[in-house]
Amino acid sequence: MTKTTLAWMAVLGCALGGGALSQESAFERHDVAVATPAYNLQPGDFDGDGDLDLATANQQANSVSILLNDGRGMFIAGATIEGLQRPEALATADVDADGDLDLAIVNAGADNVVLLLNDGNAQFTVGAKTPVGSSPHAIVAVDIDADGDTDWAVSDFGSATVSILANDGSGDYTLVTVVEASPGTERAVVADLDLDGDPDLAVSSFSAATVNVLINDGAGGFTPGAALTVGARQHIAAGGDLDGDGDVDVIVTSSGTGEVMLLDNHEGSLEHDVSVIVPETPWAAVVLDYDGDGDLDVAVADYSGHRVSMLQNDGAGQLEVAFSVAVGQQPHQVVSGDFDGDGTPDLATANDAEATITILLSRRP
């Protein structure tokens, strides 16, 4: 692809050509009142009823909250787990192999990862704590050593490292590897970047304007690959095959330059191909096929613009802003899932400056 920069377009109430949906027809907004502003959130079926609930990391309140889905995309308050230490991010997996989803929380104030073990009814017990690097900021689930259980890759913002925590199969975790990255380490994208059958990591950076590729040796060891210099003040990245060539590309947001960048993957080497200028401060990205045309589009949380911008894909990885949808104040995270069970992807945002979660239910025809 040829590197291009696309100007931002705001479309309010009318559709673009080429099958794009209008703002009003694309999503239906619902704001869910919560006890405290959420910094991050993660979908998962925590009560085993077949629909997606939400877990929120509440940095200000030192807690994690569960929001239970009624099956129609409406959420009510569930359990709250208190006594954490600046929880900034969370991930889900059945860590103890009992058939329900547990949570792993990064405690930025204690430099550790704490497990919250689910009893199957969305009630959680605080489990083991595993030390990691300084000021952990993000966590992703990954089976690093191909043994069939879930390990963790933790982005250590303060120490510019990625800590790898290995699962012994029973839910006990050990810090096995610390990999050097770049200052201000942000959330990793997990994908088989070099197409050798095991998961690698692409790690964005808030402070260094670089994306580090960490190549897995198949046994859980990681070797730093090429570091790509892109926009400053990167935040929550995403991955997916945007250009339809069979490998996973990386989407990086940069609040420093106002760009959302597509990094095209070439067998583990990333190349900056497309930049889309988004207003205000693009913060978090998630991939989804919002228009049902068979390729992956990108939803971006605009932190200071208080909206989600939808970047439509032409099928070859060329992106343009199709429309924006207003959400709560300062959306720090955006996630996707079929919350109302209608077979189309919906969105949810964690709003950092108000005590709401915004749910955007797809109304695709």
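Each value, and the rule that gives it
Residues numbered from 1 in each chain as written. Predicted model: local features only at pLDDT ≥ 70, side-chain atom pairs only at ≥ 80, totals over all residues. Heavy atoms only, no water. Helix = DSSP H or I, 4+ residues; strand = E, 2+ residues; numbered from the N terminus. Rg over C-alpha atoms; globule rule 2.2 N^0.38 Å. Buried < 20%, exposed > 50% of the residue type's maximum accessible area, 1.4 Å probe, protein only. Contact = heavy atoms within 4.5 Å. Areas by Shrake-Rupley, 256 points an atom, 1.4 Å probe, with all protein chains shown as cover. Lys, Arg positive; Asp, Glu negative; His and termini not counted. Charge placed at Lys NZ, Arg CZ, Asp CG, Glu CD. Pairing = 2+ DSSP bridges. Axes fitted to C-alpha atoms, helices over the stretch in contact; angles between N-to-C directions. Phe/Tyr/Trp six-rings, centres within 6.5 Å; stacked < 30°, edge-to-face > 60°. Polar contact = N/O pair within 3.5 Å; in protein donor to acceptor, adjacent residues only side chain to side chain. Core = buried A, V, L, I, M, F, W, Y, C linked by side-chain atoms within 4.5 Å. Salt bridge = Lys/Arg side-chain N within 4 Å of Asp/Glu carboxyl O. pLDDT = per-residue confidence, 0-100.

**Considering the overall build of the protein chain**
1) Next: Within the protein chain one finds 1 helix and 29 strands.
2) Next: For a compact globule of 365 residues, the expected C-alpha radius of gyration is about 21 Å, and the protein chain comes in at 19 Å, within 12% of that figure.
3) Next: For the protein chain, the spread of C-alpha atoms along the three principal axes comes to 55 × 45 × 30 Å.
4) Next: Scored against the burial criterion, the 365 residues of the protein chain give a buried share of 59%.
5) Next: A fraction of 44% describes how many contacts in the protein chain between residues 6 or more apart in sequence connect residues 24 or more apart.
6) Next: Carbon and sulfur atoms form 49% of the exposed surface of the protein chain, whose accessible area is close to 12600 Å².
7) Next: Separation between the mean location of the 10 positive side-chain charges and that of the 59 negative ones in the protein chain comes to 12 Å.

**A look at the side chain of N40**
1) Next: With respect to the secondary-structure elements, N40 resides in strand 3 (residues 40–44).
2) Next: Not counting chain neighbours up to four residues away, the residues in contact with N40 comprise A55, T56, A57, E88, A89, L90, I236, H332, Q333 and A350.

**Side note on the sheet that holds strand 17 (residues 210–216)**
1) Next: As summarised here, the arrangement of the 4 strands in space is 15-16-17-18, forming an open sheet in which the pairing is antiparallel. Only two strands of the sheet have a single partner each, and these edge strands are strand 15 (185–191) and strand 18 (222–229). Taking the axes of each pair of neighbouring strands and ignoring which way they run, one obtains an average angle of 25° across the sheet.
2) Next: Two elements, strand 15 and strand 16 (residues 200–205), share 5 bridges in a ladder whose sense is antiparallel. From the neighbouring strand, A188 faces strand 16, where its bridge partner is V203.

**Overview of unusual backbone geometry**
Phi is mostly negative for residues that are not glycine, and the peptide bonds are mostly trans.
1) Next: Positive phi values are uncommon outside glycine, yet N62 reaches one of about 55°.
2) Next: Mapped onto the secondary structure, N62 falls in the loop between strand 4 (53–58) and strand 5 (63–69).

**A few points about the packing of aromatic side chains**
1) Next: If you walk through the whole model with that rule in mind, you get 6 aromatic pairs.
2) Next: For the ring pair F75 and F339, a centre distance of 5.8 Å and an interplane angle of 80° mean the geometry is edge-to-face. Of this pair, F75 sits in strand 6 (residues 75–81) while F339 sits in the loop between strand 27 (331–337) and strand 28 (346–351), and the two are 264 residues apart along the sequence.
3) Next: Judged by relative accessible area, F339 falls into the buried class, the value being 0%.
4) Next: When the centroid spacing of 5.9 Å and the interplanar angle of 45° are considered together, the rings of F157 and F206 count as tilted. In this pair, F157 sits in the loop between strand 12 (151–156) and strand 13 (161–167) while F206 sits in the loop between strand 16 and strand 17, placing the two residues 49 residues apart along the sequence.

**Some remarks on the sheet that holds strand 7 (residues 87–93)**
1) Next: With antiparallel pairing, the 4 strands of this open sheet are ordered in space as 7-8-9-10. What marks the edges here is a single partner per strand, and that holds for strand 7 and strand 10 (124–131). Pairs of neighbouring strands in the sheet enclose a mean axial angle of 25°, with direction left out of account.
2) Next: Here strand 9 (residues 112–118) pairs with strand 10 via 6 bridges, running antiparallel. When the sheet's bridge partners are listed, N112 is paired in strand 10 with P131.

**Focus on the side chain of S275**
1) Next: Along the chain, S275 falls in strand 22 (residues 269–277).
2) Next: At 2.9 Å, the side chain of S275 and the side chain of E259 are in polar contact.
3) Next: At 2.6 Å, the side chain of S275 forms a polar contact with the side chain of H272.

**Observations regarding the pairing of strand 11 (residues 136–142)**
1) Next: Of all the 7 residues making up strand 11, 6 are buried; the element is thus mostly covered by neighbouring parts of the structure.
2) Next: Note that strand 11 and strand 12 share 6 bridges and pair antiparallel. Bridge assignment links A138 to a residue of strand 12, and that residue is S155.

**Observations concerning the nonpolar core**
1) Next: F27, M310, F323 and L347 are the most contacted members of the largest nonpolar core, which has 18 residues in total.
2) Next: Every element with two or more residues in this core is listed here: strand 23 (282–288), strand 24 (297–302), strand 25 (307–313) and strand 26 (319–326).
3) Next: Membership of the second largest hydrophobic core comes to 16 residues, among which are L68, L84, V114 and F124.

**Describing the pattern of salt bridges**
1) Next: Using the criterion set out here, one finds 7 salt bridges in the structure.
2) Next: Across the pair R72 and D70 runs a salt bridge, and its minimum N-O distance is 2.8 Å.
3) Next: The class for R72 is exposed, based on a relative accessible area of 59%.
4) Next: Relative accessible area serves as the criterion here: at 38%, D70 is assigned to the partly exposed category.
5) Next: A single salt-bridge network, built from bridges that share partners, covers E28, D340 and R363.

**Re the confidence of the model for the protein chain**
1) Next: Per-residue confidence for the protein chain gives a mean pLDDT of 91, with 93% of residues at or over 70.
2) Next: Counting interchain partners and residues more than four positions distant, the pLDDT-below-50 stretch residues 1–22 has 60 contacts.

**Describing the environment of A350**
1) Next: Positionally, A350 belongs in strand 28.
2) Next: In this structure, the C-alpha to C-alpha distance between A350 and Q329, residues 21 residues apart in sequence, is 9.1 Å.
3) Next: Contacts of A350, omitting those with residues within four sequence positions, involve A38, Y39, N40, L41, Q330, P331, H332, Q333 and I357.

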